[in-house]
Protein chains: 2
Amino acid sequence: MAKALSPRPLPTILLVSLIPVASWFVVRPLLSPAPPLPALYTSFGFSIYAFLAALYLVPALGPTFKGANLKGRDLLKIYSDPIPESLGLACASIYVLLLILFIPFPFSNLVANLSSAKPQEPEGLTATASLHHELAMYLSSLLSLLMATMLGFLDDVFDIRWRHKLPIPIIASIPLLMVYYAEGGNTHVVVPLPLRSIFGVLVNLGPLYYVYMSLLSTFTTNSINILAGINGSEVSQALIIALSVILNDLLYLPWPIDFRIPLHLLGSQAEVEVGGVLHAGMSYGSKELVGRHLFSLYFMLPLVGVCLGFMYHNWYPARAFPGDTLCYVTGMAFSVVGIQAHFSKTLLLFFLPQIFNFLLSCPQLFGLVPCPRHRVPRFDPDTNLLHPSKTLFIKPPSNLTTLVLRTLSTLRLTELTIHATTGNVLEATNLTILNFFLLRLGPMNEKRLVQTLMCTQVAGSVLAFIVRYGLAGLVYDGDRH
Amino acid sequence: MAKALSPRPLPTILLVSLIPVASWFVVRPLLSPAPPLPALYTSFGFSIYAFLAALYLVPALGPTFKGANLKGRDLLKIYSDPIPESLGLACASIYVLLLILFIPFPFSNLVANLSSAKPQEPEGLTATASLHHELAMYLSSLLSLLMATMLGFLDDVFDIRWRHKLPIPIIASIPLLMVYYAEGGNTHVVVPLPLRSIFGVLVNLGPLYYVYMSLLSTFTTNSINILAGINGSEVSQALIIALSVILNDLLYLPWPIDFRIPLHLLGSQAEVEVGGVLHAGMSYGSKELVGRHLFSLYFMLPLVGVCLGFMYHNWYPARAFPGDTLCYVTGMAFSVVGIQAHFSKTLLLFFLPQIFNFLLSCPQLFGLVPCPRHRVPRFDPDTNLLHPSKTLFIKPPSNLTTLVLRTLSTLRLTELTIHATTGNVLEATNLTILNFFLLRLGPMNEKRLVQTLMCTQVAGSVLAFIVRYGLAGLVYDGDRH
């Protein structure tokens, strides 16, 4: 089976043809006449660079990582040759470095002046102050991403136990929180319509808002991390969530052509107003909303590039493993855009499969049901199929555990093995979404399972858009918040 | 010799007594009436925390580092038990985390308003813009420090070869350069008096200024890194340079009492003007100069704290090794303050022993003289003394090499072993400042050698102050730049 482990071939033609395309996008904003939203061109160009860098660097660095003992056996394969591990570090480094090199494009008056043919109308100190403010937000996001990278890699090197690694994203989110505070960030949230008679339209969460932000990063990071274990699962989740965020961002950009979403078909009460100063889609002419979603795009586009490049090598059968670093960085990137661009509730809607997986995992995470170190499906080397893995009860479970398991079994979320005479639970399938798929759809091979996961993720995002733009009108009275 | 390796005792009394003191300094600026320069109090409090954290965490993390194979033999000892390596990572993490937690104190209007009893006179958008600008500078510095930490640790894990690690500080300085550019940073330098007839008073270096900045970080980082190898050498260099920078910064603060330096004694032509709006020492009332040197203090004070704490465990005989991480982070910290606070020329004066060591090393670094992997002095286990280590010539050296070596030998910087009949150079002592000390002062033990290095560093700083404030008046016409 040495064949399965030889590196995937890399077409040189891709490198040769994409570099000029990417470079054109990077340079285009500097040429006169400047396009609208110039930095978006650069960001797109950088994303192609990110894709190419991940595609070519990941296999090149594999031997170095193996040499530094960063390697692991693929537990769901018949061969035992070690695969290089923690290559999410390479992806994260490419990602953060490109985001740093991107700084002058959106945040520099110098570049803006270079690219504008006629001198812009001076807007005085307000514009400069706003640019400094956005730059500070951007830099604090980079600091959080870099901390996530570093902590993820430390986790890989020191193999931190999962109970100790839960708070790691909170540490990584500290720069975000500190700068949010220093910049006098808004801690008000919009109250849903039914509760307004009690709380008013806006409620100031104060310090609770900071707790919310750090919990958000803990959730986005760890929820991707616990939905891992099969080839391509971490990176495909990140990819689809990033693409969903991008699609959502694009709705708020000032497109030159008017387009409207048939919101009334989705049952929305909100009137469809398209146009305004900036011809903005869902921004209704709010420059601030456009700015926020541009900010989000700057982080999401290169993330998609890096994920695509890495996925090529992580796809079944995997030639490289992501390690925890990739989960930490992608999770933190989603938190960053959710917080800084103020759409954390919408963001959470893109995590529906992760929320389901987390809720399903709770009995095991909180010690009600025994939790083995690995909950990945069981591999049958004879048929090459995956089956649900099981957790064993050494001693009879408590009444509470039995109740929870029987409820989950009734909901068809787990399968129990019951002792014929005592009626005690002897075994239960591990409580993860992957085992749930295998239970409901029958044994399948690893590639099929990751494809099922991806389809579920896409379906979740479609549902998220329906909820966000269809049903949200029932509890909120506008899309400005 | 197991005794030598048992951890150094940690007095609990230090922890119990210093925590309240540090906490008082952190909280003091929030109490009314606010002291002048409130954030400096907090910075000092944080530095005590940094000292305590390094003092207590370094021995606590030792076993974990050894478990992850981050350990090394002390080559200059008779025992061979491995010592935990790369503990500079712990220091760097404490340092960066405290700098992040420090953000709200100097850069937040909220904290400023909390601490001022009477509402300050509003200075409008200018003050806010300037605060945002300084925050962006601060955050870019943190990004560079965090990158240096990460790259240093990668170097320790992957054991990068020294020719490949030379450009690493350039990568770490990218955030600094990008934000400097985006913020429209000044690229003018003041021309020395004799050259003004040709270049004028100010000359715009343009892109060359960015080259200068990245070379500065390469120098400060690598020059500390190549002066390593004996217990305590890296951290003591960093400590003394940081203290010198702090002393220089203190000269520019608005002290409540007027003090004046007897510049005329040092031969300065500049008139001694003390006073002005802020009663500033060398700032002559310039708020900008005070701000720059405060910025520098915010970075240097906690660095001293961390270095002191680590030095306790790294002192002869060492219980913990710093790894490359410490050199990278301290080197980058010096570059950051030199660049952001605009005193890079003064900063370089504090590197006199490093400059000497670098120049002396050049023939070996650039391949003229064979360079063994380790150039540390040779340890004689019988006498416990260090002797100059030697490099061997397998084949007779070229004429150029012979010329260089004979010149260095005449200058008493190296000692050669000459073949009695052919006159060829057979051996030369390695070209480092440590071997130079041993050549000139005779064999000594490791503790004595590091003390000699520290005395030299202090003497270098004294000379630096004389040159900066005494002789600079001959080539520059004021201290405002």
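As the structure is a computational prediction, the values presented were derived from the model and not from experiment. Each chain has its residues counted from 1, following the order in which its sequence is written. Naming scheme: in the order in which they are written, chains are lettered from A and ligands are numbered from 1. For a predicted model such as this one, the threshold for reporting local features is a pLDDT of at least 70, and the threshold for listing and counting side-chain atom pairs is 80 or more; totals across whole chains, interfaces and linings nevertheless cover every residue. To obtain the side-chain values, all non-hydrogen atoms of the structure were used and water was disregarded.

### Structural notes on the sheet that holds strand 7 (residues 390–392) of chain A
Residues and elements named next belong to chain A. Put simply, the test is: Two strands pair if DSSP finds at least two bridges between them. Where helices and strands are cited, they refer to DSSP runs of H or I of at least four residues and of E of at least two residues respectively, numbered from the N terminus. Between N-to-C directions, angles span 0 to 180 degrees; the directions come from axes that are lines fitted to C-alpha atoms, helices contributing only their stretch in contact.
Sheet architecture is open: three strands sit in the order 7-9-8, paired in antiparallel fashion. The open sheet has two free edges, formed respectively by strand 7 and strand 8 (416–418), since each of these has just one partner strand. The average undirected angle you get between the axes of adjacent strands in this sheet is 20 degrees. Bridge count between strand 7 and strand 9 (residues 425–429): three bridges; the pairing is antiparallel. Bridge pairing in strand 9 places Leu 392 opposite Glu 427.

### Quick look at the side chain of Glu 446 of chain A
Residue and element names in this part refer to chain A. For the record, the criterion: Polar contact criterion, stated in full: a pair of N or O atoms within 3.5 Å, where within protein one must be able to donate a hydrogen and the other to accept it, and residues adjacent in sequence count only if both atoms are side-chain atoms. Whether two residues are in contact is decided by their heavy atoms: any pair within 4.5 Å suffices.
Along the chain, Glu 446 falls in helix 20 (residues 446–475). Among the polar contacts listed, one links the side chain of Glu 446 to the backbone nitrogen of Asn 231, at a separation of 2.8 Å. In this structure, Glu 446 is in contact with Leu 76, Lys 77, Ile 230, Asn 231, Tyr 316 and Leu 386, ignoring residues within four places of it in sequence.

### With respect to helix 17 (residues 352–365) of chain A
Residue and element names in this part refer to chain A. This is how it is decided: Residue count minus one, scaled by 1.5 Å, sets the expected span of a helix. Two axes are fitted around each residue, one to the seven residues ending there and one to the seven starting there, and the angle between them is reported as the bend at that residue. A simple rule labels every residue: compare its accessible area, found with a 1.4 Å probe on the protein chains alone, to the largest value its type can have, and call it buried under 20%, exposed over 50%, or partly exposed in between.
Over its 14 residues, helix 17 runs 19 Å from end to end, which matches the ideal 20 Å to within 8%, given 1.5 Å per residue. Where helix 17 bends most, the angle comes to about 30 degrees, and this point is Leu 359, followed within four residues by the proline Pro 363. Among the residues of helix 17, those classed as buried are Pro 353, Gln 354, Asn 357, Leu 360, Ser 361, Cys 362, Pro 363, Gln 364 and Leu 365.

### With respect to the packing of helix 13 (residues 233–250) of chain B against helix 14 (residues 287–314) of chain B
All names here are of chain B. In plain terms, the rule: Oblique is the label for every angle not falling under 35 degrees (roughly parallel), over 145 degrees (roughly antiparallel), or within 65 to 115 degrees (roughly perpendicular). Left-handed describes a crossing in which the near helix is turned anticlockwise from the far one by less than a right angle; the clockwise case is right-handed. Put simply, Ala, Val, Leu, Ile, Met, Phe, Trp, Tyr, Cys and Pro go in the nonpolar bin, Asp, Glu, Lys and Arg in the charged bin, and everything else, Gly too, in the polar bin.
At their nearest, the axes of helix 13 and helix 14 sit 9 Å apart, and the two run at 150 degrees to each other. One element, helix 13, and the other, helix 14, form an angle in the roughly antiparallel class. The crossing of helix 13 and helix 14 is left-handed. Each of Glu 234, Val 235, Ser 236, Ala 238, Leu 239, Ala 242, Leu 243, Val 245, Ile 246, Asn 248, Asp 249 and Leu 250 in helix 13 lies in contact with helix 14, whose residues at this interface are His 293, Ser 296, Leu 297, Met 300, Leu 301, Leu 303, Val 304, Cys 307, Leu 308, Phe 310, Met 311 and Asn 314. Tallied by class, residues from the contact of helix 13 with helix 14 come to 17 nonpolar, five polar and two charged.

### Concerning the interface of chain A and chain B
In plain terms, the rule: Put simply, buried area is how much 1.4 Å-probe accessible surface two parts lose in total, over both of them, once they are put together. The term salt bridge refers to a pairing of a side-chain nitrogen on Lys or Arg with a carboxyl oxygen on Asp or Glu at a separation within 4 Å.
Contacts between the two partners involve 44 residues from chain A, matched on the other side by 44 residues from chain B. Area buried by chain A at its contact with chain B is led by His 132, Met 150 and Phe 158 of chain A, which between them contribute 16% of it. In this structure, the connection of chain A to chain B is made through zero salt bridges. For the interface between chain A and chain B, the tally reads two residue pairs in polar contact (both at pLDDT 80 or more). Counting only elements with at least two residues in the side of chain A that touches chain B, the list comes to helix 3 (38–67), helix 4 (88–101), helix 5 (104–107), helix 6 (109–115), helix 7 (124–158) and helix 10 (174–182) of chain A. Among the elements that line the side of chain A that touches chain B, the one with the most residues is helix 7 of chain A, at 19 residues.

### Comments concerning the domain arrangement of chain A
Residue and element names in this part refer to chain A. Defined as follows: What counts as a domain boundary in this text is fixed by an automatic or database domain assignment.
Structurally, chain A comprises domain 1 (12–109 + 131–351 + 449–474) and domain 2 (378–445). Taken together, the contacts link 12 residues of domain 1 with 11 residues of domain 2. Summed over both sides, the interface of domain 1 with domain 2 buries roughly 990 Å², with 80% coming from carbon and sulfur. Its largest share of buried area at the contact with domain 2, domain 1 owes to Leu 76, Leu 449 and Thr 452, together 51% of the area lost on that side. Taken together, the connections running from domain 1 to domain 2 amount to zero salt bridges. Taken together, the connections running from domain 1 to domain 2 amount to one residue pair in polar contact (both at pLDDT 80 or more). Taken together, the residues of the side of domain 1 that touches domain 2 sort by class into nine nonpolar, two polar and one charged.

### A word on the relation of the copies chain A and chain B
Formally: Alignment of copies: least-squares fit on C-alpha atoms of residues with pLDDT of at least 70 in both copies.
Note on the copies: chain A fits chain B at an RMSD of 0.0 Å, the axial shift is 0.0 Å, and the rotation between them is 180 degrees. This pairing of chains is accounted for by a two-fold axis. A shared interface surface links the copies, since 100% of the contact residues of chain A are contact residues in chain B too.

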